Amino acid sequence: MMLKTTLAAALTTVFASAALAQVPAGYPADYQKIIDGAKKEGKLVIYGATDSKATQPLIKDFSAQFPGISVEYNDMNSTEVYNRFISEVAAGGNTADVMWSSAMDLQMRLASDGYALKYKSVEAGKIPGWAIWDEQAYGTTFEPAAIVYNKRLVEAKEVPQTHADFAKLIQLPKFKDKVTTYDIEKSGVGFMFMTQDARENPKFLELENAFGVAKVRVQSSTGTMMERISSGENLIGYNVLGSYALVRARTDPSIGVVLPKDYTLILSRVIFINKAAKNVNGAKLWLDYMLSHRGQTVIANDSKLYAIRADVSGETTSADLIKQIGKDNVKPVPVHPIILQFLGPAKRMAFLKQWKETAGKK
C-alpha cells in the first residue's frame, strides 16, 4: 500500500513538473492556469487579415509549444474581418476569440467601442509604448508603407525617393494608366494609410491631384498590385505593404522597393481578445505568444512580417528597418483611438469625396 501511495505521489510530481515546465521562462508560476484552461477549451478561433502563408508558421510553432489546442484561422481582407465580426456579434452567434488585422483604425474602433478584453500581457513591457492601448489592443509587427516599381521598365534615374518625387513622376505621360494603389473604399488598410498620409504630408492635395493626372488604377489587395507591377501592366505602386513587397523583391527581379526618405509610415497589425471570447484562455495564450521573443522570432524569420520587438534578430526586424530608413524618418501609426478621426461617417465621406474628385477623376 505504501509503495502504491509513494508511486502515485511520485507520478503526480512528475506530471506536475511536466505541466509547469510548459510555462515560458520568466512568466509567473500561476500562468499555468491559463495554459490548463486553454487546453481544456481545446480550440481557438482567429479572424485575421494576414495571408495564411505568413500565418501558418506561427500556428505551427504555437501548436508545438502548446499542444492540444486546435487553431482555426480565418483569412480575410481587412474590411471583411471587421464586417464579419460586427455582423456575427449583432446576430448573437459564434465569432472570433481573437481579432488580428492590418486595418489599425478598424481594430481601434472595435476596441474603443468596448469589444476588446482588458488583459495585461506578460510581454507588454517588451514592445514600444505607442503599440499598446489601455491593455486592450497591441501592435504585433513593424511594417512600412512602400513605393514599389517595375525594375525593368522604370529607369534608375526615375525611381522616386520621396513622396514629392513620386507625385512629380507619375504625372509624366509614361505613367498614365500605369500607377496603382489600394482602393481606399474597399481596403481598410488602404484607407488608413491614405488618411495617415493626409496627416503627415503637407502637400497631400498635390499628391491626390497627381493620382488624378495618372488615372490611378486601384486594387483591394497587395497581392494583385504586386502581380500587376511585376508583369508590367502597372509600372509603379503607392503605399504597398512593404513587408510583402520586400520579401517578394528578393526572388522577383522585376520588383523594386523604395522606403521614402522624407517619411515612411509604419503599420503594426493590431491584435485584441474578444471581450466575449468563448475560448478566452487560448486567446490570452495566443496574444502572449505573438508578443513573446519566440513568436516574434517566427514573425521575423518565417512569416517575414517584421518583428516589432527591438530584441529580436532575423531577416525582417524593426531594428533593421530603422537602421535602413533612419530613426527620424520612421513614422509609426499609433495603436490609439487618435487614428479614428477619419472613420466618423461625415469625415470618411468627406475624405472619399475629395479622393474621387481629385485622385479618382478620369
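Since we're looking at a predicted model, the values are computed, not measured. (Residues numbered from 1 in each chain as written. Predicted model: local features only at pLDDT ≥ 70, side-chain atom pairs only at ≥ 80, totals over all residues. Heavy atoms only, no water.)

Trainee: Sorry if this is basic, but what is going on with the overall build of the protein chain here?
Mentor: Across its full length, the protein chain carries 14 helices and 13 strands. Here the C-alpha radius of gyration of the protein chain, 23 Å, is about what a compact globule of 362 residues would show, namely 21 Å. Taken along its principal axes, the extent of the C-alpha atoms in the protein chain is 95 × 45 × 35 Å. Expressed as a percentage of its 362 residues, the buried residues of the protein chain come to 54%. Counting only contacts in the protein chain whose residues sit at least 6 apart along the sequence, the fraction spanning at least 24 positions is 77%. As displayed, the protein chain offers around 15800 Å² of accessible surface, 55% of which is attributable to carbon and sulfur atoms. The average position of the 44 basic charges and that of the 37 acidic charges among the side chains of the protein chain differ by 1 Å. (Helix = DSSP H or I, 4+ residues; strand = E, 2+ residues; numbered from the N terminus. Rg over C-alpha atoms; globule rule 2.2 N^0.38 Å. Buried < 20%, exposed > 50% of the residue type's maximum accessible area, 1.4 Å probe, protein only. Contact = heavy atoms within 4.5 Å. Areas by Shrake-Rupley, 256 points an atom, 1.4 Å probe, with all protein chains shown as cover. Lys, Arg positive; Asp, Glu negative; His and termini not counted. Charge placed at Lys NZ, Arg CZ, Asp CG, Glu CD.)

Trainee: Is there a simple way to think about the packing of aromatic side chains in this case?
Mentor: Geometrically, a pair of aromatic rings is defined through the distance of the ring centres and the angle of the planes. Within this structure, the stated rule accounts for 15 aromatic pairs. Seen from their ring centres, phenylalanine 62 and phenylalanine 66 are 5.4 Å apart, and the 55° between their planes marks the pair as tilted. The buried category is assigned to phenylalanine 66, whose relative accessible area is 2%. Both rings, one in phenylalanine 85 and one in tyrosine 115, keep their centres 5.7 Å apart while their planes meet at 80°; by these two values the pair is edge-to-face. (Phe/Tyr/Trp six-rings, centres within 6.5 Å; stacked < 30°, edge-to-face > 60°.)

Trainee: Sorry if this is basic, but what is going on with the pattern of salt bridges here?
Mentor: Working definition: two side chains of opposite charge can pair if their charged atoms are close together. Considering all chains together, one arrives at 17 salt bridges under this definition. Of the charged contacts in the structure, one is a salt bridge between aspartate 61 and arginine 294, with a shortest N-O distance of 2.9 Å. On the criterion of sequence distance, the pair formed by aspartate 61 in helix α3 (residues 52–65) and arginine 294 in helix α12 (residues 293–303) is long-range, its members being 233 residues apart. Arginine 294 sits in the partly exposed class, given a relative accessible area of 39%. (Salt bridge = Lys/Arg side-chain N within 4 Å of Asp/Glu carboxyl O.)

Trainee: Please clarify how the sheet that holds strand β5 (residues 137–139) should be interpreted in this entry.
Mentor: Consider a sheet: its strands pair through backbone hydrogen bonds, and that pairing is either parallel or antiparallel. Within the open sheet, the six strands sit side by side as β2-β1-β3-β12-β5-β4. Their pairing is mixed. Bordering the open sheet on either side are β2 (70–75) and β4 (132–133), each of which pairs with just one other strand. The sheet contact formed by strand β3 (residues 98–101) and strand β12 (residues 270–273) spans four bridges and is antiparallel. Across the sheet, the residue bridging to serine 101 is valine 270, located in β12. Where helix α11 (residues 280–291) meets the sheet, it contacts β1 (43–48), β3, β5 and β12, and its direction lies at approximately 155° from that of β12. (Pairing = 2+ DSSP bridges. Axes fitted to C-alpha atoms, helices over the stretch in contact; angles between N-to-C directions.)

Trainee: Please explain the environment of glycine 93 as it appears in this structure.
Mentor: Inspection of the secondary structure puts glycine 93 in the loop between α4 (78–91) and β3. Judged by its relative accessible area of 39%, glycine 93 falls in the partly exposed class. For glycine 93 and glycine 129, which are 36 residues apart along the polypeptide, the C-alpha to C-alpha distance reads 35 Å.

Trainee: It is not clear to me how helix α7 (residues 188–200) should be interpreted in this structure. Could you clarify?
Mentor: Two residues of an α-helix separated by three or four positions point the same way, owing to the 3.6 residues in each turn. If you check α7, its first and last C-alpha atoms are 19 Å apart, about what 13 residues at 1.5 Å a residue would give, namely 18 Å. Listed in full, the buried residues belonging to α7 are Gly188, Val189, Gly190, Phe191, Met192, Phe193, Met194, Thr195, Gln196 and Asp197. (Expected span 1.5 Å × (residues − 1).)

Trainee: Can you walk me through the environment of leucine 340 in this structure?
Mentor: Mapped onto the elements, leucine 340 comes out in the loop between β13 (330–332) and α14 (345–357). Discounting chain neighbours no more than four positions away, the residues touching leucine 340 are Asp105, Met108, Arg109 and Ser112.

Trainee: Please clarify how the side chain of glutamine 296 should be interpreted in this entry.
Mentor: Among the structural elements, glutamine 296 can be located in helix α12. Judged by relative accessible area, which is 0%, glutamine 296 ranks as buried. For glutamine 296, the side chain forms a polar contact with the main-chain oxygen of threonine 140, separated by 2.9 Å. Engagement of the side chain of glutamine 296 in a polar contact is seen with the backbone nitrogen of isoleucine 308, the distance being 2.7 Å. Contact partners of glutamine 296, with chain neighbours within four places excluded, come to Thr140, Met290, Leu291, Ala307, Ile308, Arg309 and Val312. (Polar contact = N/O pair within 3.5 Å; in protein donor to acceptor, adjacent residues only side chain to side chain.)

Trainee: Explain unusual backbone geometry here, please?
Mentor: If a residue is not glycine, its phi is most likely negative; likewise, a peptide bond is most likely trans. Unusually for a residue other than glycine, aspartate 134 sits at a positive phi of about 50°. Counting through the fold element by element, aspartate 134 comes out in the loop between β4 and β5. Classification of aspartate 134 by relative accessible area gives partly exposed; the value is 36%. One non-glycine residue, aspartate 177, lies in the positive phi region at around 65°. Position of aspartate 177 among the secondary structure elements: in the loop between α6 (163–169) and β7 (179–182).

Trainee: How should the side chain of histidine 163 be read in this particular structure?
Mentor: Locating histidine 163 in the fold gives a position in helix α6. A polar atom in the side chain of histidine 163 sits 3.4 Å from the side chain of tyrosine 263. With near-sequence residues (within four places) excluded, histidine 163 lies in contact with Asp197, Asn201, Tyr238, Pro260, Asp262 and Tyr263.

Trainee: What exactly am I supposed to notice about the pairing of β2 here?
Mentor: For a regular strand, the rule is simple: side chains alternate between the two faces of the sheet. The sheet contact formed by β1 and β2 spans six bridges and is parallel. When the bridges of β2 are listed, isoleucine 46 appears paired with tyrosine 73. This β-α-β element, β1 to α3 to β2, shows right-handed connectivity. (Right-handed = clockwise from strand over helix to strand, strands pointing away.)

Trainee: Looking at this structure, how should I read the pairing of β12?
Mentor: In β12, alternate side chains face the same way, and those of Val270 and Phe272 on one face and Ile271 and Ile273 on the other are all buried. Sheet topology note: the β5/β12 ladder contains two bridges and is antiparallel. Residue tyrosine 138 lies in a different strand from β12, and its bridge partner there is isoleucine 271.

Trainee: I tried to follow the packing of α3 against α12 on my own but got confused; where do I start?
Mentor: Packed helices, taken two at a time, are described by the angle their axes make and the gap between the axes. Where α3 meets α12, the closest approach of the two axes is 9 Å, and the angle between their N-to-C directions is 145°. Of the two elements, α3 crosses α12, and the hand of that crossing is right-handed. Across the interface between the two elements, Ala54, Pro57, Leu58, Asp61, Ala64 and Gln65 from α3 touch Arg294, Gly295, Val298, Ile299, Asp302 and Ser303 from α12. (Left-handed = near helix turned anticlockwise from the far one by under 90°.)

Everything listed is a geometric property; what it means functionally is a separate question.
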